[in-house]
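Below, each chain spelled out in residue letters.
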Amino acid sequence: MVLFASQVTCIAADPATQPAEPMPHIQVDARRKQVRVECEAVRADYGLEFFACATDTNEYESVLRTAAKPSLIHAALLIIGLVPGEPAKYDRDTNVSTPAHGPLVKLTCEYQSNGKTVNVPAHKLMANASDNKESAPLEWLFCGSKLMEDHTYAADGTGSIVSVLTSELSVITMKDPGHHGLEDRPYKANSEAMPPPDTRVWLVIEPAAAPVSQPAIQPTSQPASK
């Protein structure tokens, strides 16, 4: 799939400039290096596999849903200068799993509550399944979804946008989730922090500062679940 910058709403340096070819549900501010994806809050009633998924897919195990096309979210991240890494891979012949890698991104949720704008880091809308406490800060990677044999962007078919489990299908995934099976879901939606279902939430994606020292990526013998 070829991804064109013109397919995404691009906000110029002059905020008064109107985009020539708007793309619904996605805004790009190239000057600020910021991508905004229009989403809705959902009340997941199951352990999380995703933080954000496409509408009418896995909403029962996600915090947010969006009508934005995953491949165009990928294109928007290219516009702000991010270069995707690679999703997690599993080689069945050698039984070796390689974790996802790519540039770190910062995820923030913005919504209106009682007439005020609320901005919260994505992890605050997640809770530990073990003790119901708010999740600790998390790191997210722009790895990009894999391409299928017919060269289609996998996430467009699965709706996988931001994953909290090991996945080769999502546009963005959690760094080193430390768990591989779908039966192991350490996070759930944080009911105490979540806005009401159907609330419009902007998922704001920006480059994140890299840690001072990053360990080299090492293959492991534990297979990815997807």
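Refer to the structure printed above.
Figured I'd write up the structure that's included with this text. (Residues numbered from 1 in each chain as written. Predicted model: local features only at pLDDT ≥ 70, side-chain atom pairs only at ≥ 80, totals over all residues. Heavy atoms only, no water.)

Between side chains of opposite charge, pairing is possible as soon as their charged atoms come close. By the definition in use, this model includes 10 salt bridges. For Glu-38, the salt bridge is made with Arg-200, and the minimal N-O distance between the two is 3.1 Å. Of the two residues, Glu-38 is situated in strand 3 (residues 34-41) and Arg-200 in strand 15 (residues 200-207); the sequence distance between them amounts to 162 residues. For Glu-38, a relative accessible area of 21% translates into the label partly exposed. The partly exposed category is assigned to Arg-200, whose relative accessible area is 49%. A salt bridge links Arg-65 to Glu-40; its shortest N-O distance comes to 2.8 Å. (Salt bridge = Lys/Arg side-chain N within 4 Å of Asp/Glu carboxyl O. Helix = DSSP H or I, 4+ residues; strand = E, 2+ residues; numbered from the N terminus. Buried < 20%, exposed > 50% of the residue type's maximum accessible area, 1.4 Å probe, protein only.)

Bridging between strand 4 (residues 50-54) and strand 12 (residues 160-163) involves three bridges; their strand directions are antiparallel. Across the sheet, residue Ala-52 finds its bridge partner in strand 12, namely Val-162. Strand direction decides the pairing type here: strand 12 and strand 13 (residues 172-174), joined by two bridges, are parallel. Bridge pairing links Val-162 to Ile-172 in strand 13. (Pairing = 2+ DSSP bridges.)

A word on unusual backbone geometry. In most cases, non-glycine residues show a negative phi, while peptide bonds are predominantly trans. Residues other than glycine seldom take positive phi values, yet His-25 does so here, at roughly 80°. Residue position: His-25 is located in the loop between strand 1 (9-11) and strand 2 (26-29). His-25 gets classed as partly exposed once you look at its relative accessible area, which sits at 29%. One non-glycine residue, Asn-114, lies in the positive phi region at around 55°. Secondary-structure assignment places Asn-114 in the loop between strand 8 (104-113) and strand 9 (116-121).

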